[in-house]
Amino acid sequence: FGLKDKASAWSDRLAALTMKRTMRRLRDLCMVEMYANVTVNVSHLASALIMHLVAAQISEISRAEFHARLYAIIKNVQREPGVHLHRSVADPEAYGGLHNDQANLLVDFYRTGAEAGLIAMDGSRLKLLPALTAELGKRDPRLTNMIRVYANEIASLTNVGRIIAQATPLAGPALGAALYDDELCSYQIARRRSTQRAGAGAVPKQREHAYANAKLISPDKASGHGVVLVHGVLASPAELKDFAHRLAAQGHPVMCVRLKGHGTAPEDLHDGAWQDWLASVRRGYEIMALFAEDVSVVGFASGASLGLLLAAEKPNRLASVVSVSAPLKFLARDMRYAHTLDLANSVSKWLHLQNGIKPFTKGEPEHPEFEHSRMPVRALAELYRISEALQRALPQISCPVTVIHASNDPVADPGSAKTIYESIASANKRLHMVGSDRHAILHEDIGNTQDLIMGRLLEFSRPTTSQIQEDLDSSANGKWKFLRWLTPRTGLRRIWDAKEFLE
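The text that follows walks through the structure, step by step, so that each part is easy to find. Keep in mind that this is a model prediction, so the values were computed, not measured. (Residues numbered from 1 in each chain as written. Predicted model: local features only at pLDDT ≥ 70, side-chain atom pairs only at ≥ 80, totals over all residues. Heavy atoms only, no water.)

Observations regarding the overall build of the protein
Convention followed: Labels follow the DSSP assignment, with helices taken as runs of H or I lasting at least four residues and strands as runs of E lasting at least two, numbered in each case from the N terminus. Burial classes follow relative accessibility: with a 1.4 Å probe on protein chains only, a residue under 20% of its type's maximum area counts as buried, one over 50% as exposed, and anything between as partly exposed. By definition in these notes, contact holds between two residues if any of their heavy atoms fall within 4.5 Å. Note on areas: Shrake-Rupley, 1.4 Å probe, and residue coverage restricted to the protein chains presented here.
When its secondary structure is counted, the protein shows 19 helices and 14 strands. In the protein, buried positions account for 47% of the 503 residues. Partitioning the contacts of the protein with sequence separation of at least 6, the portion at a separation of at least 24 is 75%. A total of about 25,400 Å² of accessible surface is found on the protein, and carbon and sulfur atoms cover 53% of it.

Right, dumping it as structure tokens:
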């Protein structure tokens, strides 16, 4: 404004000083307002966490703990109102696996930081180097210290800063609740995308499939034995939710898994792979293992195949597997040409046919309220690949297994049950053939299939430590009531002996 603080007149110098202070204040207000609307990404949070650690004079941290803290920060920031979130912070598919050091989300971040001499990775430990706090001089910080730049961009978000300062790794049920929230969030994102495609006319607007999300049920007095329910491919968790409530009424905490791509529209299964569905089962199992002392997996149809594949991996705390109508061979007409059509669709993409010659086929589901009638050919071909992988994995299964199948199943060859039973290595296994010509024997509870499963699960159920203590306390209180009644009728020495015994 043409006013100099070295002017000859004192009035000009005073005006210049006042103007400088005012401009700095306006600049700071402008920066606060501008950065208040910044879209927070994972690099912002990782950088702010690094600078917080440096301020706390921490120069080294294990990568696993750093990732665990960062995951806790992400989950807390998601709950903050008014914060704009980048996909790397808002979408569990982007940051999935961060909590247990299985994510590759920060590979580029680490490489760039290492090239700038700011951080270094020594094996599994992250080292924070002195260059992070070195004086910049006249150098452009965007070129020399991008971590400080990232941290500064969200410095005005004091609520985010408070979360970062207080962050500790999640564990136990708190971690389980966060992972379950990720499952709910993933479904909402998938549903929103599906709705947007329908609105743009990319897919039919008429929905053939009932929306259904994952479901975690924790009874008030839960046993220590949790259950993971896995629905069949082309269906949704709605297929098993009624059974889930029966299990919960029996005292089991229950996790109804939603296989990736399911519960929305058939188009979401067009590019699905069976490995993605198995990953969904792993996540559901991990969640339940954080709420229960041991876990059983109950799967229906291809969901049973996925449960058996998980058992072959021998996860910790796995008590048993119940396989209902798992197919090794298929009888359904829809499956006859799935392999051929899938191959033709793959070849046709070279001819610039994006979805192939025939991406969908018409089916006749037993329960159209939660099963697709427009079936993606790619998903049907993946069912064959699941059965092939299962046949290779069966000899690796050593946990207790219950195999249940309808004697005249019109979809999955009943002979599959005997093959599974004879091929698994478990010494504790049972085979039950239910007299029925229906496939959905679990959902429809044909032949008391649900009671059969619940009876089998009771063999592996045990009370939690808190329940045992509660029962002991109740028993002790009852004995003390009896002793109070007995006091006038016996000697004090005998009362004292009884007290010492109870203690």
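Overview of the pairing of strand E14 (residues 429–434)
Across a regular strand the side chains alternate sides, sitting on one face of the sheet and then on the other. Heads up, the rule is: Criterion used throughout: strands pair if DSSP finds at least two bridges between them. Handedness of a crossover is defined as follows: orient the strands so they point away from the viewer, and if the path from the first strand over the helix to the second runs clockwise, the crossover is right-handed.
Pairing of strand E13 (residues 401–406) with E14 involves six bridges; the strand directions are parallel. Bridged to threonine 402 within E14 is arginine 430. After leaving E13, the chain enters helix H16 (residues 415–423) and then returns to the sheet as E14, a path that is right-handed.

Comments concerning the packing of helix H12 (residues 274–289) against helix H13 (residues 302–312)
Note the threshold: As a rule, the C-alpha atoms of each element are fitted with a line to give its axis, helices using only the stretch in contact, and angles between N-to-C directions run from 0 to 180 degrees. Here is the rule for angles: anything less than 35 degrees is roughly parallel, anything more than 145 is roughly antiparallel, 65 through 115 is roughly perpendicular, and the remaining ranges are oblique. Rotating anticlockwise by less than a right angle from the far helix to the near helix defines a left-handed crossing, while the corresponding clockwise rotation defines a right-handed one. In this classification, Asp, Glu, Lys and Arg are treated as charged, Ala, Val, Leu, Ile, Met, Phe, Trp, Tyr, Cys and Pro as nonpolar, and every other residue, Gly included, as polar.
Where H12 meets H13, the closest approach of the two axes is 10 Å, and the angle between their N-to-C directions is 70 degrees. The orientation of H12 relative to H13 falls into the category roughly perpendicular. Seen along the crossing, H12 lies across H13 with a hand that is right-handed. Judged by residue contacts, Trp274, Trp277, Leu278, Val281, Arg282 and Tyr285 of H12 engage Leu306, Leu309 and Leu310 from H13. Taken together, the residues of the contact of H12 with H13 sort by class into eight nonpolar, no polar and one charged.

A short note on the packing of helix H2 (residues 42–55) against helix H9 (residues 158–166)
When two helices pack together, you describe them by how their axes are tilted relative to each other and by the distance separating the axes. At their nearest, the axes of H2 and H9 sit 10 Å apart, and the two run at 60 degrees to each other. Taken together, the axis directions place H2 and H9 in an arrangement best described as oblique. By crossing handedness, the relation of H2 to H9 is classed as right-handed. Residues Leu45, Ala48, Leu49 and His52 of H2 form the contact with H9, whose participating residues are Val160, Ile164 and Ala165. Residue composition of the contact of H2 with H9, by class: six nonpolar, one polar and no charged.

Things to note about the environment of tyrosine 180
Mapped onto the elements of the fold, tyrosine 180 is located in helix H10 (residues 172–199). We classify tyrosine 180 as buried; its relative accessible area is 15%. For tyrosine 180, the residues in contact, after removing those within four places along its chain, are Ala214, Lys215, Leu216, Met255 and Ile287.

A word on the side chain of histidine 231
For clarity, the threshold we go by: Throughout this description, a polar contact denotes any pair of N or O atoms lying within 3.5 Å of each other; where both atoms belong to protein, one of them has to be capable of donating a hydrogen while the other can accept it, and for residues adjacent in sequence the pair is counted only when both atoms sit in side chains.
Here histidine 231 is to be found in the loop between strand E7 (225–230) and helix H11 (241–249). Histidine 231 gets classed as buried once you look at its relative accessible area, which sits at 1%. Polar side-chain contacts of histidine 231 include one of 3.1 Å to the backbone nitrogen of leucine 259. Those residues in contact with histidine 231 that sit more than four places away from it in its chain are Ser236, Pro237, Glu239, Leu240, Val257, Arg258, Leu259, His262, Phe300 and Gly303.

Looking at the side chain of lysine 75
Structurally, the position occupied by lysine 75 is in helix H3 (residues 63–77). Among the polar contacts listed, one links the side chain of lysine 75 to the side chain of glutamine 78, at a separation of 2.8 Å. Polar side-chain contacts of lysine 75 include one of 2.6 Å to the side chain of aspartate 182. In contact with lysine 75, other than residues within four places in its own chain, are Tyr95, Ala178, Asp181 and Asp182.

Concerning the packing of aromatic side chains
Condition: Paired rings are identified among Phe, Tyr and Trp, the last through its six-membered ring, by centres lying within 6.5 Å, and are further divided according to the angle between planes into stacked (under 30 degrees), edge-to-face (over 60) and tilted (the rest). Think of it as a cone above the ring: NZ of Lys or CZ of Arg counts as a charge over the ring if it is within 6 Å of the ring centre and within 35 degrees of the ring normal.
Counting across every chain of the model gives three aromatic pairs. Taking 6.1 Å as the distance between ring centres and 55 degrees as the angle between the ring planes, the aromatic pair formed by tyrosine 71 and tyrosine 95 counts as tilted. Residue tyrosine 71 is found in helix H3, and its partner tyrosine 95 is found in helix H5 (residues 92–95); the two are separated by 24 residues along the sequence. For the pair tyrosine 71 and tyrosine 95, a shared accessibility class is recorded, and that class is buried. An angle of 65 degrees between the planes, with centres 6.0 Å apart, marks the rings of phenylalanine 109 and tyrosine 110 as edge-to-face. Side by side, phenylalanine 109 and tyrosine 110 carry an identical accessibility label, which is buried. Here the guanidinium or amino end of lysine 429 rests over the ring plane of tyrosine 421, the centre of that ring lying 4.9 Å away.

Some thoughts on a nonpolar patch on the surface
What counts, and what does not: Residues forming no salt bridge and having over 30% relative accessible area are the ones grouped into patches, like charges within 9 Å of each other and nonpolar side chains (Val, Leu, Ile, Met, Phe, Trp, Tyr) within 5 Å. Criterion for a salt bridge: a side-chain nitrogen of Lys or Arg within 4 Å of a carboxyl oxygen of Asp or Glu.
On the surface, a nonpolar cluster with roughly 330 Å² of combined accessible area is contributed by Met19, Met23, Leu26 and Leu29. Here methionine 19 is to be found in helix H1 (residues 10–36).

Structural notes on the nonpolar core
As a rule of thumb, soluble globular proteins bury nonpolar side chains together. We apply this condition: To qualify as a nonpolar core, a set must consist of buried Ala, Val, Leu, Ile, Met, Phe, Trp, Tyr and Cys residues joined through side-chain atoms within 4.5 Å.
In this structure, Leu45 and Phe66 are the most contacted members of the largest nonpolar core, which totals 93 residues. Listed in part, the 25 residues of the second largest apolar core include Leu247, Val254, Phe300 and Ala301.

With respect to the pattern of salt bridges
Evaluated as defined, the whole model comprises 20 salt bridges. A salt bridge links aspartate 122 to lysine 127; the nearest nitrogen and oxygen atoms lie 3.4 Å apart. The class for aspartate 122 is partly exposed, based on a relative accessible area of 45%. The exposure class of lysine 127 is partly exposed, given its relative accessible area of 30%. Where salt bridges share partners, they join Lys75, Asp181 and Asp182 into one cluster.

Here we look at the sheet that holds E13
Spatial strand order, E6-E8-E7-E9-E10-E13-E14: seven strands in an open sheet with mixed pairing. Strand pairing shows two members of the sheet lacking a second neighbour, strand E6 (215–217) and E14, which therefore form its edges. Neighbour-to-neighbour, the strand axes of the sheet open up by a mean angle of 15 degrees, direction not taken into account. Taken strand by strand, helix H17 (residues 449–458) contacts E7, strand E9 (294–300), strand E10 (318–324), E13 and E14, and its axis lies near 175 degrees from that of E13.

By themselves these figures say nothing about function.
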